[in-house]
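Residues per chain, in single letters:
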Amino acid sequence: MAFFHTIRGGWVLVAGLLAGLPMMRAQAVSPFVSGVWSGNVTPTSASVSVRLNAAGLRARLVVSTNDRLTPAVFSQVIASAAGSGNTVVLDIQGLQPATDYDYGIEVGGVLRTEFNSRGKFRTFPQGASSFRLAFASCGDYRDADQRVYDAMLAEQPLLFLHMGDFHYSDTNSILTDDYRRNYDSVLNHRNQGALYRGVALAYMWDDHDFAGDDSNGTAIGTAAARTVYRDTVPHYPINVTGGTIGQSFTVGRVRVIMTDLHSAATPATTAESAAKTRLGAAQKAWFKQELITARDVGFPLILWVSTTPWIGAPTLGADTWAGYSTERSELADFFKDNLIKNLVVLSGDMHALAYDNGANSDYALGGGAPLVVLQAAPLTRLGEPKGGPYAAGPILGTGQYGLLEITDNGGPNIQCRFTGKRVGEGAKLVFQFAASTTGIVPTGVSGPVGGTDRAFVNVSTRGRIVNADEPVIVGFVIGGTTSRNVLARAVGPTLAAFGVTDAVARPVLTLYRANTVVASNEDWTTTDTARLKTAFERVGAFALVGGTSPDSALLVTLPPGAYTLQATGAGGTTGTVLVEAYEVP
Ligand SMILES: [Fe+2]
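Residues numbered from 1 in each chain as written. Predicted model: local features only at pLDDT ≥ 70, side-chain atom pairs only at ≥ 80, totals over all residues.

**Examining unusual backbone geometry**
Stage number 1. Omega for the bond connecting Ala-377 with Pro-378 falls within 30 degrees of zero, at -5 degrees, which places this linkage in the cis form.
Stage number 2. You can see Pro-378 is positioned in the loop between strand S18 (372–375) and strand S19 (392–396).
Stage number 3. Between Gly-393 and Pro-394 the backbone carries a cis peptide bond, its omega angle lying at 5 degrees.
Stage number 4. Of note, Pro-394 is situated in strand S19.
Stage number 5. Backbone geometry at Leu-339 places phi at a positive 55 degrees, although glycine is not the residue there. (Helix = DSSP H or I, 4+ residues; strand = E, 2+ residues; numbered from the N terminus.)

As structure tokens, then:
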């Protein structure tokens, strides 16, 4: 195929010479109305979308492991058509997993050289693997500061999850062309277009990019917005009925479900009832089935892209789940009743960074569905709180985005680290947790962090004490020549707040240097509680439940050396325990 392509390129050259024109003149007029972008990525396939300037142009995607694009593999040829705004979505198959690819576009048999016709994506890994996702919402290409798109590109995430307000145009029009121009404006923007050419995208709209501020399924623009999304955005297959654009896909061992909270929603001002809905009946049934399927497959982590905040006191008229509190409770009860224990909510809409560890997010009847919630926004808009309360945040600002780093070595748990970042200032918020089919458990350092990136000294592990002779052990080494303040904890009872049902009732934590006991604790409240609480806050560790909780903790100053922390159950008891150590700054 590459050889054939060379011949075709040669013909262009010959034709150009015959016409008395240099070859570059043959490409002088760009056929591209806007730049390329990629999505619908799997371990072996991807889709690239591009808008051409005329109907009837025959386009083909050229994909290669190098930027010379040879040797290459090719998509089928698709002819542009006026009915879809001359946008072609080109699908490529037969790729290798976890591989970086370059791509370009042939139009009329000529491989184009325009910068906005060249892009990159990386195919997803297959099975257990480590990777990172960027996610955010609320960007307006008309805003002055667009550095956040450069920052996300520099992060080189496997995927950028755009959670809505892609263009902030508040378009509520019956004309598809009005919607097409929004996408052109984003893709032609210098910073934004560069990100979308450089990293694959999964995109779910919110209100300002669907049909306008707080818009819902009664908007006159509903049909046009849906049509243009489907024929323009490189998206995952839409299997949900009822017209919404809900999608799901798998990255490694993480299942991602993105719901459309606007195009089938009843107005937020409608009185609460079982009929009031954000999802619409068809999408809700699909969403529930997706969760059951993900549970049955045994994904260690399920990410739900819910574009607007989950947490908030019921508020009639709110364009968040707070304005749809009956349906929110229905979903929470569904999560609880169907043992969906490892669902993490990714949201934007609120112009802030925040997370919740489940302490404020449980809307099941009688409790039982504490969800981890990660909020990351705004890309270019200004800071604004919404909903809450959150375990940490909201941190208002602009130029903000989230990174979710997944470390998956194939065991039952995968390690997850959410970092809320602000361009130019680095990490503002960190939340670390382990995810498995049995639940989500916070681990390690979490909470707000300083104004710039900083190094953490932290170790943690979650394990099960099976008998008195087999403690759960964590080792750490203090290097250098100076002593360090170290907070160590063995958490049992507090884990119940995170859905762990078999936590050890009364952990005993012992710190050893070689075979010598340095310190030991059973029940942290028997020691200097105020000093420990201050240390918890300083390192961003979650609070231990209640004043009488018999979790254990130690705060010690240690000279350089090798140490181990050993957790057992008091009186030979057994159960799950989280053992962690932090350097206290
Ligand atoms: Fe927004």
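Structure shown, so let's carry the discussion forward.
**As for helix H10 (residues 529–539)**
For an α-helix, 3.6 residues make a turn, and residues three or four places apart therefore share a direction.
Stage number 1. Considered for burial, the residues of H10 that qualify are Leu-532, Ala-535, Phe-536 and Val-539. Each buried residue of H10 sits inside an arc of 105 degrees when the element is viewed along its axis, so together they form one side. Among the exposed residues of H10, those oriented more than 90 degrees off its buried face are Ala-530, Thr-534 and Glu-537.
Stage number 2. Its buried side turned inward, H10 meets strand S27 (484–491), strand S30 (552–558) and strand S32 (575–583). (Buried ≥ 20, exposed ≤ 12 C-beta atoms within 10 Å, placed from the backbone. Arc of directions from axis to C-beta. Contact = placed C-beta atoms within 7 Å.)

**Topic: the packing of helix H4 (residues 176–187) against helix H7 (residues 222–232)**
Helix-helix packing: each pair is described by the crossing angle between the helix axes and the interaxial distance.
Stage number 1. Orientation of H4 relative to H7, taken along the N-to-C sense of each, is 50 degrees, at an axis distance of 9 Å. Accordingly, the angle class assigned to the pair H4 and H7 is oblique. Where H4 crosses over H7, the handedness of that crossing is right-handed. Here Thr-176, Tyr-179, Arg-180 and Tyr-183 of H4 lie close against H7, whose contacting residues are Ala-224, Ala-225, Thr-227, Val-228 and Thr-232.
Stage number 2. Among the residues making up the contact of H4 with H7, the classes are represented as 5 nonpolar, 3 polar and 1 charged. (Axes fitted to C-alpha atoms, helices over the stretch in contact; angles between N-to-C directions. Parallel < 35°, antiparallel > 145°, perpendicular 65-115°, else oblique. Left-handed = near helix turned anticlockwise from the far one by under 90°. Nonpolar A, V, L, I, M, F, W, Y, C, P; charged D, E, K, R; others polar.)

**Remarks on the sheet that holds strand S14 (residues 254–259)**
Stage number 1. The mixed open sheet is built from 7 strands, whose spatial order is S13-S14-S15-S16-S18-S17-S19. Two strands in the sheet have a free side with no partner beyond their single neighbour: strand S13 (247–251) and S19. Put simply, the sheet's adjacent strands are angled 15 degrees from each other on average, direction ignored.
Stage number 2. Pairing of strand S17 (residues 352–356) with S19, which is carried by 3 bridges, proceeds in the antiparallel orientation. In the strand pairing of S19, Leu-353 is matched with Ile-395.
Stage number 3. Set on the sheet, helix H8 (residues 281–297) makes contact with S13, S14 and strand S15 (301–306); between it and S14 the angle comes to about 175 degrees. (Pairing = 2+ DSSP bridges.)

**Here we look at the sheet that holds strand S28 (residues 507–513)**
Each strand in a sheet pairs with another by means of backbone hydrogen bonds, the pair being arranged parallel or else antiparallel.
Stage number 1. If you walk across this open sheet you meet the 4 strands as S26-S31-S28-S29, and the pairing is antiparallel. Each edge of the open sheet is held by one strand with a lone partner, namely strand S26 (472–478) and strand S29 (516–521). Strand after strand, the sheet turns through a mean of 20 degrees between neighbouring axes, direction not considered.
Stage number 2. Strand direction decides the pairing type here: S28 and S29, joined by 5 bridges, are antiparallel. Within the sheet, the bridge partner assigned to Leu-509 lies in S29 and is Asn-521.

**Points about the pairing of S32**
Stage number 1. Burial analysis of S32 places 7 of its 9 residues in the buried class, which makes it a mostly covered element.
Stage number 2. Here S27 runs beside S32; their pairing, made up of 6 bridges, is antiparallel. If you follow Ala-490 over to S32, its bridge partner there is Val-579.

**Overview of helix H9 (residues 325–337)**
Stage number 1. When the terminal C-alpha atoms of H9 are compared, their 18 Å separation across 13 residues agrees well with the 18 Å that a helix rising 1.5 Å per residue should span.
Stage number 2. Residues Glu-327, Arg-328, Leu-331, Ala-332, Phe-335 and Lys-336 constitute the buried set of H9.
Stage number 3. On the buried face of H9, the contacting elements are strand S16 (343–347).
Stage number 4. Looking one or two places after H9, you find Leu-339, whose phi comes out positive at around 55 degrees. (Expected span 1.5 Å × (residues − 1).)

**Let's talk about the domain arrangement of the chain**
Stage number 1. With domains assigned, the chain is organised as domain 1 (2–121), domain 2 (131–455) and domain 3 (461–583).
Stage number 2. Between the C-alpha centres of domain 2 and domain 3 the distance comes to 34 Å.
Stage number 3. Contact residues are listed per partner, giving 19 residues for domain 2 and 13 residues for domain 3.
Stage number 4. Listed by contribution, the elements that provide at least two residues to the side of domain 2 that touches domain 3 are strand S22 (426–436), strand S23 (439–442) and strand S24 (447–448).
Stage number 5. For the side of domain 2 that touches domain 3, the element with the highest residue contribution is S23, accounting for 4 residues. (Domains from an automatic or database assignment.)

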